[in-house]
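Below are the chains, spelled out letter by letter.
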Amino acid sequence: MPRKPQYRRSELLSTLSQAFRLDGFDGVSLNSLSAQTGLSKASLYHHFPNGKLDMALSVLADEGRLFQKAVLAPLQRPGGGGASVRHMFDGVRAYYRGDVPVCMMNLFIHSSIASVVGPQIQATVKRWEELLAERLYDIGIAEEKSRRLATVTVCDIQGALILSRVFGQREPLEQAIKTSLERLSLG
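Residues numbered from 1 in each chain as written. Predicted model: local features only at pLDDT ≥ 70, side-chain atom pairs only at ≥ 80, totals over all residues. Heavy atoms only, no water.

1. Comments concerning the packing of helix α1 (residues 9-27) against helix α2 (residues 30-37)
Step number 1: Packing of α1 against α2 brings their axes to within 10 Å, and their N-to-C directions diverge by 135°. What the angle tells us is that α1 and α2 run oblique. Two packed elements cross with a definite hand, and for α1 against α2 that hand is right-handed. Of the residues in α2, those touching α1 at L12, T15, L16, A19 and D23 are S32, L33, Q36 and T37.
Step number 2: Of the residues contributing to the contact of α1 with α2, the split by class is four nonpolar, four polar and one charged. (Axes fitted to C-alpha atoms, helices over the stretch in contact; angles between N-to-C directions. Helix = DSSP H or I, 4+ residues; strand = E, 2+ residues; numbered from the N terminus. Parallel < 35°, antiparallel > 145°, perpendicular 65-115°, else oblique. Left-handed = near helix turned anticlockwise from the far one by under 90°. Contact = heavy atoms within 4.5 Å. Nonpolar A, V, L, I, M, F, W, Y, C, P; charged D, E, K, R; others polar.)

Rendered as structure tokens:
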């Protein structure tokens, strides 16, 4: 009789995500991933035949779905105006959870798998900027200025995530969101 799986896929990805958040791709070992998931290395290879890379790609895909739902989806409603942008910031707060928010895109783009994940991460960030610029244009900001403000806003959020990790606190992210809302006259 087959053994009952110890984890559902979503739980396994959540545990792996936490491991990568703590130690990064290059810092976490297969032994550590095995210990944190409670699965043997053989079981991990059964689920992820290419090992740690497959785990990271699966985590990144799962995180991408969560990011899409929390951050990008509010911006995909044309005509949503300022409410869409405010909902995006609510999504940023929800997605980058915890006392010390960590950006999985930042972790992976600054690792040995950057060349593998880079194009996907670049496409996601570019889409975020495009959607935000479209919503800013919808509320009456000139097209060129909308693009610049969208880029600056994403830069502020990403920079704040790095500072949050440096200082071990959430405050830089909250300040970046507050400042961005004020700059966009939405706060």
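Past the structure itself, the notes keep going.
2. Here's the deal with α1
In an α-helix, one turn spans 3.6 residues; hence positions three or four apart end up facing the same way.
Step number 1: Between its first and last C-alpha, α1 extends only 23 Å over 19 residues, short of the 27 Å set by a 1.5 Å rise per residue.
Step number 2: Roughly 80° is the biggest bend found in α1, and it falls at R21.
Step number 3: Burial in α1 covers these residues: L12, L13, T15, L16, S17, A19, F20, R21, G24 and F25.
Step number 4: On its buried face, α1 sits against α2, α3 (41-47), α4 (52-72), α6 (104-109) and α8 (143-167). (Expected span 1.5 Å × (residues − 1). Bend = angle between axes of the 7 residues up to and from the residue. Buried < 20%, exposed > 50% of the residue type's maximum accessible area, 1.4 Å probe, protein only.)

3. Side note on the state of the cysteines
Step number 1: On inspection of all chains with the given rule, the structure shows zero disulfides.
Step number 2: Cysteine C103 remains unbridged, with the sulfur of C155 as its closest cysteine sulfur at 12 Å. (Disulfide = S-S within 2.5 Å.)

4. Regarding the packing of aromatic side chains
Step number 1: Going through the model one piece at a time under the given rule, you end up with six aromatic pairs.
Step number 2: Between F20 and F108 the ring centres are 5.5 Å apart and the planes differ by 75°, which places this aromatic pair in the edge-to-face class. Taken as a pair, F20 in helix α1 and F108 in helix α6 lie far apart in primary sequence, 88 residues in all.
Step number 3: Using a relative accessible area of 0% as the deciding quantity, one classes F20 as buried.
Step number 4: Centre to centre, the rings of F67 and Y95 are 5.3 Å apart; their planes meet at 80°, and the pair counts as edge-to-face. Residue F67 is located in helix α4, and its partner Y95 is located in helix α5 (residues 81-95); the two are separated by 28 residues in the primary sequence.
Step number 5: Classification of F67 by relative accessible area gives buried; the value is 2%.
Step number 6: What makes Y95 buried here is its relative accessible area of 8%.
Step number 7: Seen from the ring of F25, K52 lies directly overhead, with NZ or CZ sitting 4.5 Å from the centre. (Phe/Tyr/Trp six-rings, centres within 6.5 Å; stacked < 30°, edge-to-face > 60°. Lys NZ or Arg CZ within 6 Å of the ring centre and 35° of its normal.)

5. Let's talk about the nonpolar core
One recurring pattern in soluble globular proteins is that nonpolar side chains are buried together.
Step number 1: Counting 51 residues, the largest nonpolar core has L16, F20, Y96, F108 and W128 as the members making the most contacts within it.
Step number 2: If sequence neighbours within four positions are ignored, Y96 has contacts with F67, P101, V102, C103, M105, Q158, L161, R170 and L173. (Core = buried A, V, L, I, M, F, W, Y, C linked by side-chain atoms within 4.5 Å.)

6. Side note on the pattern of salt bridges
Step number 1: Inspection of every chain in the model, using the stated rule, returns 13 salt bridges.
Step number 2: A salt bridge links R147 to E143; the nearest nitrogen and oxygen atoms lie 3.1 Å apart. One end of the pair, R147, and the other, E143, are both in helix α8, four residues apart, so they sit about a helical turn from each other.
Step number 3: Using a relative accessible area of 39% as the deciding quantity, one classes R147 as partly exposed.
Step number 4: Put simply, R170 and E174 hold a salt bridge, and the shortest N to O gap is 3.0 Å.
Step number 5: Residues joined in a network through salt bridges with shared partners are D90, R93, R170 and E174. (Salt bridge = Lys/Arg side-chain N within 4 Å of Asp/Glu carboxyl O.)

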